[in-house]
Each structure stands twice: as structure tokens, then as C-alpha cells.
Amino acid sequence: MTDRIDWLPFESTSLQKAKDADRLLVMVLTVPWCNHCKDLLAHSFADARVAKLVQEHFVPVLVDAERRPDVNERYGSGGWPTIAFLTPDGELIVNDNHLGPTELAQRLERVLKVWREQRADIQQGLRDLVAHRRGPEATVRGRLSRQMVDDITLAIYEKFDHRYGGFGDAAKFPHPEVLDFALVQAAKRDDDQMREVVTVTLDHMLASPLHDQVDGGFFRFSKTPDWRSPNFEKLLEVNARVLRAYIEAYQLFGEPAYRKTAEGIVDWMLQFLRDPETGAFFGSQDADSDYYGLDRARRTKRNPPKVDRTIHCQANALVVSNMLKAGIVLERPEWIDAAVTTLNFLTQELFDGRSVFHYWDGTYHLPGMLADQACLIRALIDASQITGNADLLLPAEAIAEQAIRRQKAPGGGFYDILHDPGAGATMRRRNRSILENSVMAESLLRLSYLSRRPEFLAEAVQTLESFANDYKEYGYYVAGFGRAVDLVLYEPLLLTIVGERDSAAAQALRQAALSTYLPSRMVQILDPRHDPVLIGRGGYKVEAQPVVYVTVGRSTRQVARSPEQLSTAVEQIEWERRSKLR
């Protein structure tokens, strides 16, 4: 494909080679499913003039942006492919996206010329930039308020496309995290506008070419606002998030089409992306417009699009959480079993008791990415609730403790990567993403209630408070922040079943507790034989038959002893709480 160029990985030896040769680096960031990336490598960099320039004057580095999100965050242009030009010390000078052979050759020559003629000025500018970034962080925490939730609700509706659903008037992405937030508001506040956001968007998506109605699942995005011009790649992470939106919308609205769509997503994951050896899921399936243009009969005569066999922690953790949810709601125990198998792989192969690793390709790589830790904590929490195994909270607590120790920022919140004193200035820079921190905050909040460890709640609140003065800048993109803030202010409804977790009575109570859509609800089974510490922390009494303690925040409101009593108690408490919001 690019035989003329000897591409190197992004690692210390490659950077040292550039320093020793006093050469610029040309870094290409790609993703496995991107046709433009493949074209860039197969044509532009295979051009004889381009290859000669690269081999004679640059150190070429090729990076899979999905495997190295830390590198992509610091050198990428926001899309793929990215062509980044770096100093011999690894500092970013400039980057581009796709360039044809002639444009690329001209760009290479221009960068070389400017570097030779203006090297001192460029280096001074980069030193000034690094010095500015090293300045003290000016994080000022603010108080959490209902106004934050209202601001994000308004931002969502202002950008909502009433005709086709989704957001904006150009390319359309599903934005399931926004739909998740809108579902919460539709359920809690009986918000008709948020109900419209969810139903119009999901209805148009499932009826559009963005939805693969043959194999199941959704493509990544549409180039047009009517969802009718998809880019044909399918990503595990996107579909895991969309699955949750359809399952929860089915719970809330009872629309059969939502159930069918959710079933199709799970079927696609299990058929095309599940690794039979590990039980985990591969990362993506290539864009192949010819294949996806065929009907079911003709597809069976062709090989399906190529799958990237990398196993990513974050995406698999999302699958665990949302397949568990789908399994309990749609009463598909085989999906629950599949999700638990995936979780076992993650905890055995991508967590060593100290660090969570980003991806697996036969072994583990890249420890300490915040998004991986946040999503794996959440997956362990969800699995604990669905299976009744409270021991799953132990690794979740261990991950949380390590993140607090190694990645907590001085002003609140968490850095996205571990500190590496040996890295260059660009890779030493640690960012605080409001998106990743919002997921971490919600995971810590939920873990706090289930593990009865209030210090995790304090960390969650401090994390959210550290973005209290910035969230408005991001509009509807920070719906996850709004959801986490809402869960702080509208305290969780904790349903704690105390009794033998494998008994028929306990399982009936669990099914009743989990069957309806209650976004603030958490469910836990504590077995006296296995969980005496948590029973003691909660101050619960053990009775001859399983009972449910119905708690709002840390205040027990009622005790139920049958599914009917539980349903009545939850309905009454939620009606009282929601009536105060309207």
C-alpha cells in the first residue's frame, strides 16, 4: 500500500530518531474504517515524488487514532485522516486533512522551506506556547444548580431539527447522549419538548438509510440532515450508545419499533463483531457502500465488510452496560450472559488491579485513559445491579481510588491521561475534558451510593463544580454534564433487596425493580451470606424472606416485601418527587 515509505509507530525510539537526525516528523493519524485514510496512504503517500520527499527529509510516523486517542487529542485536526508536521522534538507545527499527491508534495516542500528559513522563530513560538500552557490552572468551582439543567435543555431544543430530528442543519450524528438526557427530562418533568426531541429523532433514524435494516445497527453519521446519505462505517461504540437510547425509549413510550430496532443492534453486534475466543467485541466494520446497497438475499452471497479486530475497553464497557439493560428489559437472559462474559474479559485482560488499559490486540496497551476507567466503573456497577453480585463493586472501587490518586486535578475533576515525565512537552500536557469528566462524575456518584462510600460522591460533586463556569460554552454537546448534575440534585432512588440473591423471591423483586424506566433508580441485592459489610454499612435488618428498602438519597422511605408493594411504593414516591418539579 505504501511500500516506498517505512512507517514507524509513535514511540520513544521514533522520536529519538528524529532528534538524532534533526529531521521533522510527518505523522499520519488514521482510523481503520475510514476510506479517505486508506486513499491517502494508497495513493497520496505512494506517489513517487511524495515518497522521495518523506524518505529523504522526514521521519514518517503512522498512528491508529482509535488505539491512541491520547496522541489524536494532541496532534489531530478533529477529523481523519490528519497529516501533522512535528519538530524534531515532537512539537506540533501544523496539521492538514486529506491531500492529493500534488498538494501533499507541495505541502511537504513548503513545510521544509519554512522550517529551514524560520526555524528559530517557530521554536520560540512553540516555547512561548508551552510556557503559557504550564501556567497555573485557573479553575474556579461554582455551585451546582437546577439552572444548569435548564440551560442545557434550552440549548438542545434551540438546535433541534423539528422536521427530521437530530441537531443542526448539516451533517447529522445520532448524539445518543443528548437523547439520554432528553429522556430523563421527558420522564421526570413530563417535558413535551424533550419528548419531541427523542421520538422525532428516533423515528426518523430508524426509518432512514442510516439504519441498516438487513444486518442491524446504525452507520456513524449522515452527510445530509435528513439522515439519507450515510457514511457506511459501523462503530461498536456508536451502536452501544444508540442501543441504550432505543431501549430506554421503549421502556418509556412502549413503541414496538424501538424494541425491534434495539434487537437488531444487539443481533448485529453478536453476529459481526463478537470475538468467539474472548467473548469481547471488535471495534468497527468497514464502510462498503456496495455491500450495504444489497438486499438480504444478495448480501448472503458476498463477504461482509472487513472488521477491525481491536478490542477497545471503553466501547466494550458501554456494550456491557447497555446489553445488560437490553437483556433485563426485553427478558433476554442470553444477552445478560454475553455481557457478563465480556465484562469478565475486560477485568481479566484490561485491568491488572491497578491500571485500566485502553485496547487489546493479543495483549494489553495504553494504561490510564480516563474514559476507559469511567466506563468500566459504570459497567461494573450495572453488572452488579443486574446480576446481584455486589463483589463487582470491589474492582470499581479500586479503579476509582487509582484515578483519584493519579489523575485528580488540583481544582477538581480529572486529567485524561497519566503523568509521564519522560514525554515531550505536547504529550506531557494533560487535559480536563468536560465530556469524560461528566461520565466519571456520574460513575462515582452511582458507586458512592451502592458502596456506601460518601467520599466518592464528594469527588463527583467537586468534578462537576469545576466545570460550573464553562458548561454553557458547549451547548447541547454537554448533555452528559447536565445528566450528572441532575442526578446530584434529584437524588437517586435506591432499591436495596436484602436476602438470598438466587432465591425466586429476590429475583422477582429484582425484575420488578428494574422493569420500568426510572433514570435515577439504582438496584442492589445484598445477600447476608456474601455481603455482611454492605448490609452493616446500610444498617439493614435481615428477615426470613427478601425485603426491599426504598431509599431516596440516604433516607429510607419505605420497606416492601412483594413486587406489588414495591411498585406501589416507587410510584408513590416518584409522583411526590416529580410533582415538586412541575
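Description of the structure in this document. Because the structure is predicted, anything quoted here is derived from the model rather than measured.

Reading guide: rules and limits
Residues numbered from 1 in each chain as written. Predicted model: local features only at pLDDT ≥ 70, side-chain atom pairs only at ≥ 80, totals over all residues. Heavy atoms only, no water. Helix = DSSP H or I, 4+ residues; strand = E, 2+ residues; numbered from the N terminus. Rg over C-alpha atoms; globule rule 2.2 N^0.38 Å. Buried < 20%, exposed > 50% of the residue type's maximum accessible area, 1.4 Å probe, protein only. Areas by Shrake-Rupley, 256 points an atom, 1.4 Å probe, with all protein chains shown as cover. Axes fitted to C-alpha atoms, helices over the stretch in contact; angles between N-to-C directions. Parallel < 35°, antiparallel > 145°, perpendicular 65-115°, else oblique. Left-handed = near helix turned anticlockwise from the far one by under 90°. Contact = heavy atoms within 4.5 Å. Pairing = 2+ DSSP bridges. Core = buried A, V, L, I, M, F, W, Y, C linked by side-chain atoms within 4.5 Å. Expected span 1.5 Å × (residues − 1). Salt bridge = Lys/Arg side-chain N within 4 Å of Asp/Glu carboxyl O. Polar contact = N/O pair within 3.5 Å; in protein donor to acceptor, adjacent residues only side chain to side chain. Phe/Tyr/Trp six-rings, centres within 6.5 Å; stacked < 30°, edge-to-face > 60°. Lys NZ or Arg CZ within 6 Å of the ring centre and 35° of its normal.

### What about the overall build of the protein?
Logical step 1: A count of helices and strands for the protein gives 23 helices and 16 strands.
Logical step 2: Here the C-alpha atoms of the protein give a radius of gyration of 25 Å, agreeing with the 25 Å that 2.2 N^0.38 yields for 582 residues.
Logical step 3: Overall, the C-alpha framework of the protein stretches about 80 × 60 × 45 Å when taken along its three principal axes.
Logical step 4: Within the protein, the proportion of its 582 residues that are buried is 57%.
Logical step 5: Carbon and sulfur atoms provide 49% of the accessible area of the protein, an area that totals close to 24300 Å².

### Thoughts on the packing of helix α8 (residues 192–207) against helix α9 (residues 236–253)
Logical step 1: At a closest axis distance of 11 Å, the pairing of α8 and α9 adopts a crossing angle of 120°. Viewed along their axes, α8 and α9 adopt a mutual orientation that is oblique. Seen along the crossing, α8 lies across α9 with a hand that is left-handed. Contact residues: Arg195, Val198, Thr199, Leu202, Met205 and Leu206 in α8; Val242, Ala245, Tyr246, Ala249 and Phe253 in α9.

### Notes on the sheet that holds strand β10 (residues 311–312)
To summarise the sheet geometry, strands pair through backbone hydrogen bonds and adopt either a parallel or an antiparallel arrangement.
Logical step 1: Strands sit in the order β10-β11-β12 across an open sheet of three strands; the sheet is antiparallel. Of all strands in the sheet, those bounded by a partner on one side alone are β10 and β12 (364–367).

### Side note on the environment of Val71
Logical step 1: Positionally, Val71 belongs in helix α4 (residues 69–75).
Logical step 2: Those residues in contact with Val71 that sit more than four places away from it in its chain are Phe10, Met27, Leu29, Val63, Gly76 and Met427.

### Notes on the nonpolar core
Logical step 1: Ranked by internal contacts, the top residues of the largest apolar core, which has 164 residues, are Met27, Ile156, Tyr246 and Phe481.
Logical step 2: Examining the composition of this core, we find that 11 residues originate from one element, helix α13 (residues 313–329), more than from any other.
Logical step 3: Sequence-distant contacts of Ile156, defined by excluding residues within four places in its chain, comprise Phe167, Val178, Phe181, Met194, Val197, Tyr476 and Ala479.
Logical step 4: One finds Val26, Leu40, Ala105 and Val111 within the second-largest nonpolar core, a separate group that totals 25 residues.

### Regarding helix α14 (residues 333–349)
Logical step 1: With 17 residues, α14 should cover 24 Å at 1.5 Å per step; its first-to-last C-alpha distance of 24 Å lies within 8% of that length.
Logical step 2: Looking only at α14, the buried set comprises Trp335, Ile336, Ala338, Ala339, Thr342, Leu343, Phe345 and Leu346.
Logical step 3: On its buried side, α14 packs onto α10 (256–273), β10, α13, β11 (357–360) and α15 (370–387).

### Concerning the pattern of salt bridges
Once the charged atoms of two side chains with opposite charge are near each other, the side chains can pair.
Logical step 1: Summed over all chains, the structure comprises 39 salt bridges.
Logical step 2: For the salt bridge of Glu237 with Arg241, the shortest nitrogen-to-oxygen distance reads 3.1 Å. Remark: Arg241 and Glu237 occur in helix α9; sequence separation between them is four residues, near one turn of the helix.
Logical step 3: Using a relative accessible area of 30% as the deciding quantity, one classes Glu237 as partly exposed.
Logical step 4: For Arg378, the salt bridge identified is with Glu442, shortest N-O distance 3.3 Å. Placement of the pair is Arg378 in helix α15 and Glu442 in helix α18 (residues 434–451), with a sequence separation of 64 residues.
Logical step 5: The class of Glu442 is buried, set by a relative accessible area of 6%.
Logical step 6: Here the salt bridges do not stand alone but share partners, grouping Asp180, Arg378, Asp382, Glu442, Arg446 and Arg483 into one network.

### Some words on the side chain of Gln251
Logical step 1: Mapped onto the secondary structure, Gln251 falls in helix α9.
Logical step 2: Relative accessible area serves as the criterion here: at 15%, Gln251 is assigned to the buried category.
Logical step 3: There is a polar contact of 3.1 Å between the side chain of Gln251 and the backbone oxygen of Ser515.
Logical step 4: Apart from the residues within four sequence positions on either side, Gln251 is in contact with Lys325, Val329, Leu514, Ser515, Thr516 and Tyr517.

### Observations concerning the side chain of Asp180
Logical step 1: Along the chain, the position of Asp180 falls in helix α7 (residues 176–189).
Logical step 2: Overall, Asp180 belongs to the buried group, its relative accessible area being 14%.

### Observations concerning the packing of aromatic side chains
Aromatic ring pairs are defined here through the distance separating the ring centres and the angle between the ring planes.
Logical step 1: Following the criterion strictly, the structure yields 19 aromatic pairs and no others.
Logical step 2: Aromatic side chains Phe167 and Tyr476 sit 5.0 Å apart centroid to centroid with 25° between the ring planes, which places their arrangement in the stacked category. On the criterion of sequence distance, the pair formed by Phe167 in the loop between α6 (146–159) and α7 and Tyr476 in the loop between α19 (454–465) and α20 (479–489) is long-range, its members being 309 residues apart. Take Phe167 and Tyr476: they sit in the same class, and that class is buried.
Logical step 3: Pairing Tyr476 with Tyr477 gives two aromatic rings, centres 4.5 Å apart and planes at 20°, and the pair type is stacked.
Logical step 4: We classify Tyr476 as buried; its relative accessible area is 9%.
Logical step 5: The ring of Phe467 has Arg432 sitting right over it, with the charged end atom 4.3 Å from the ring centre.

### Remarks on the pairing of strand β15 (residues 547–552)
Logical step 1: Counting buried residues in β15 gives six out of six residues, a clear majority hidden from the surface.
Logical step 2: Neither face of β15 is left uncovered, since the one carrying Val547, Tyr549 and Thr551 and the one carrying Val548, Val550 and Val552 both have all their residues buried.
Logical step 3: Across six bridges, strand β13 (residues 493–498) lies against β15 in antiparallel orientation. Bridge pairing links Leu495 to Val550 in β15.
Logical step 4: When β15 meets strand β16 (residues 555–560), the two strands line up antiparallel, connected through five bridges. Looking at β16, one finds that Tyr549 is bridged to Val559.
Logical step 5: If you look at the hairpin formed by β15 and β16, you'll find two residues sitting between the two strands, and Gly553 has a positive phi there, around 65°.

### Notes on the sheet that holds β16
Logical step 1: Strand order in the open sheet formed by four strands is β14-β13-β15-β16, and the pairing between neighbours is mixed. Bordering the open sheet on either side are β14 (521–526) and β16, each of which pairs with just one other strand. Averaged over all pairs of adjacent strands, the angle between strand axes in this sheet comes to 20°, irrespective of strand direction.
Logical step 2: Where α18 meets the sheet, its contacts fall on β13 and β14, and the angle it forms with β14 comes to roughly 35°.
Logical step 3: Where helix α23 (residues 563–579) meets the sheet, it contacts β13, β15 and β16, and its direction lies at approximately 150° from that of β16.

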